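Chain by chain, the residues:
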Amino acid sequence: MTIDLTNKKDTLKKTPKQKVLSIVKTLLIYGLMFAVIYTAVNWWRQPVMPANPQLQLIDYQGQTVDLAALSQEKPTLVYFWGTWCSVCSFTSPTINKLAAANNYPVVTVAIKSGTDQELHRYLNENSYRFTTVNDQEGEIFADWQGQVTPSYVILKDGEMTQGLTGIQPLWSLKLRLWLSSVF
């Protein structure tokens, strides 16, 4: 009584189509797992709007920035970052492009990034032209219960509609601002 194992091996081989479908299925499962974990972590780390938020701020040049008024016309992006933040060196150019497009108001809050003069020098060195509030002591960020930089808040009519963290591509920020204007 012998069993022919060569025939069993031949029947277990996958066709090229089955191999491709197996790879696609694996990628979809891992992609879905990544999306769920990323969404959960982002939700947990996102800033939280204070009960009585300070929406009237002074930028590092002494100009008043009224977030409530800005967000009445269009959704407004508030970007929390720091000159010391390595990830922010990748996200700030995107924010600069978004601000330069002038489709939506963009206000940035530089957290513990030195004096107004040091911040001014850093902004000039990097050719950043976005409106920047200097949160020298980190009080504004702490008021929003910020945990990580970069963090983003989208305000509409003076209320937070979305909170985000980490690297966000330009298309994602534009889409989120547009969705906030529609809904």
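Below: a short report on this structure. Just so it is clear, the model here is predicted, and its values are computed rather than measured.

1. Thoughts on the sheet that holds strand S6 (residues 151-156)
And step 1. Pairing is mixed in the open sheet, where five strands are placed in the order S5-S4-S3-S6-S7. The sheet is open, and its two edges are formed by strand S5 (131-135) and strand S7 (159-165), each paired on a single side. Sheet twist, expressed as the average angle between the axes of neighbouring strands with direction ignored, equals 20°.
And step 2. In the sheet, strand S3 (residues 76-81) pairs with S6 via five bridges, with the strands oriented antiparallel. By the bridge assignment, Phe80 is partnered in S6 with Ser151.
And step 3. Contacts from helix H4 (residues 88-101) reach S3, strand S4 (106-111) and S6, with the element oriented near 155° to S3.

2. Looking at the packing of aromatic side chains
And step 1. Scanning the entire structure with this criterion turns up eight aromatic pairs.
And step 2. Measuring from ring centre to ring centre gives 5.9 Å for Trp81 and Phe130, while their planes differ by 75°; the resulting arrangement is edge-to-face. Here Trp81, found in strand S3, pairs with Phe130, found in the loop between helix H5 (116-125) and S5; they are 49 residues apart in sequence, far enough to count as distant. Here Trp81 matches Phe130 in class, with each residue buried.
And step 3. What links up through ring pairs into an aromatic cluster is the set Tyr79, Trp81, Tyr122, Tyr128, Phe130 and Tyr152.
And step 4. Just above the ring of Tyr104 sits the side chain of Lys74; from NZ or CZ to the centre is 5.8 Å.

3. Some remarks on the nonpolar core
And step 1. Ranked by size, the top nonpolar core spans 21 residues in total, and within it Leu77, Trp81, Ile95, Leu123, Tyr152 and Leu173 carry the most contacts.
And step 2. For this core, the secondary structure elements donating two or more residues are S3, H4, S4, H5, S6 and helix H7 (170-182).
And step 3. In this view, Leu123 contacts Tyr60, Trp81, Tyr128, Arg129, Phe130 and Thr132; residues no more than four positions away in its chain are not counted.

4. Thoughts on helix H2 (residues 16-45)
And step 1. Counted at 1.5 Å a residue, the expected span for H2 with its 30 residues is 44 Å, and the 43 Å between its end C-alpha atoms agrees.
And step 2. Within H2, only one of the 30 residues are buried, leaving the element largely exposed.

5. Quick word on unusual backbone geometry
And step 1. The omega angle of the peptide bond from Thr149 to Pro150 is -5°, so this bond is cis rather than trans.
And step 2. Structurally, Pro150 can be placed in the loop between helix H6 (139-143) and S6.
And step 3. Of note in this structure, Asp157 is not a glycine but carries a positive phi near 55°.
And step 4. Summarising the element assignment, Asp157 is placed in the loop between S6 and S7.
And step 5. Among the residues examined, Asp157 registers a relative accessible area of 41% and is labelled partly exposed.

6. Digging into the environment of Thr15
And step 1. Position of Thr15 relative to the elements: it lies in the loop between helix H1 (5-12) and H2.
And step 2. When its relative accessible area of 38% is taken as the criterion, Thr15 is described as partly exposed.
And step 3. In this structure the C-alpha to C-alpha distance between Thr15 and Pro53, which are 38 residues apart in sequence, comes to 61 Å.

7. Looking at the state of the cysteines
And step 1. Applying the stated criterion across every chain yields a total of one disulfide.
And step 2. The residue that forms a disulfide with Cys85 is Cys88, at a sulfur-sulfur distance of 2.5 Å. The chirality of the disulfide connecting Cys85 with Cys88 is right-handed, given an S-S dihedral of about 80°.

Definitions and cut-offs
What you see as residue numbers is a count from 1 along each chain, following the sequence as written. Reporting in this predicted model follows two pLDDT cut-offs: at least 70 for local features of residues, and 80 or more for side-chain atom pairs to be given and counted; totals over whole chains, interfaces and linings ignore these cut-offs and use all residues. Hydrogens and water are ignored here; the side-chain numbers use all heavy atoms of the structure. Only strands that DSSP links by at least two bridges are regarded as paired with each other. Labels follow the DSSP assignment, with helices taken as runs of H or I lasting at least four residues and strands as runs of E lasting at least two, numbered in each case from the N terminus. Note on definitions: angles span 0 to 180 degrees between N-to-C directions of axes, and those axes are lines fitted to C-alpha atoms, for helices only across the stretch in contact. Note on definitions: a residue-residue contact is assigned when non-hydrogen atoms from the two residues lie within 4.5 Å. Stacked, tilted and edge-to-face are the three classes assigned to paired rings of Phe, Tyr and Trp, where Trp is represented by its six-membered ring and a pair needs centres within 6.5 Å; plane angles under 30 degrees give stacked, over 60 edge-to-face, the rest tilted. Each residue's exposure class comes from its accessible area (1.4 Å probe, protein chains only) as a fraction of the maximum for that residue type: buried when under 20%, exposed when over 50%, partly exposed otherwise. Only when the NZ atom of a Lys or the CZ atom of an Arg is both within 6 Å of the ring centre and within 35 degrees of the ring normal do we say a charge sits over the ring. By convention a nonpolar core is built from buried Ala, Val, Leu, Ile, Met, Phe, Trp, Tyr and Cys residues, the set being connected through side-chain atoms within 4.5 Å. One less than the residue count of a helix, multiplied by 1.5 Å, gives the span that helix is expected to have. In plain terms, two cysteine sulfur atoms within 2.5 Å form what is called a disulfide here.

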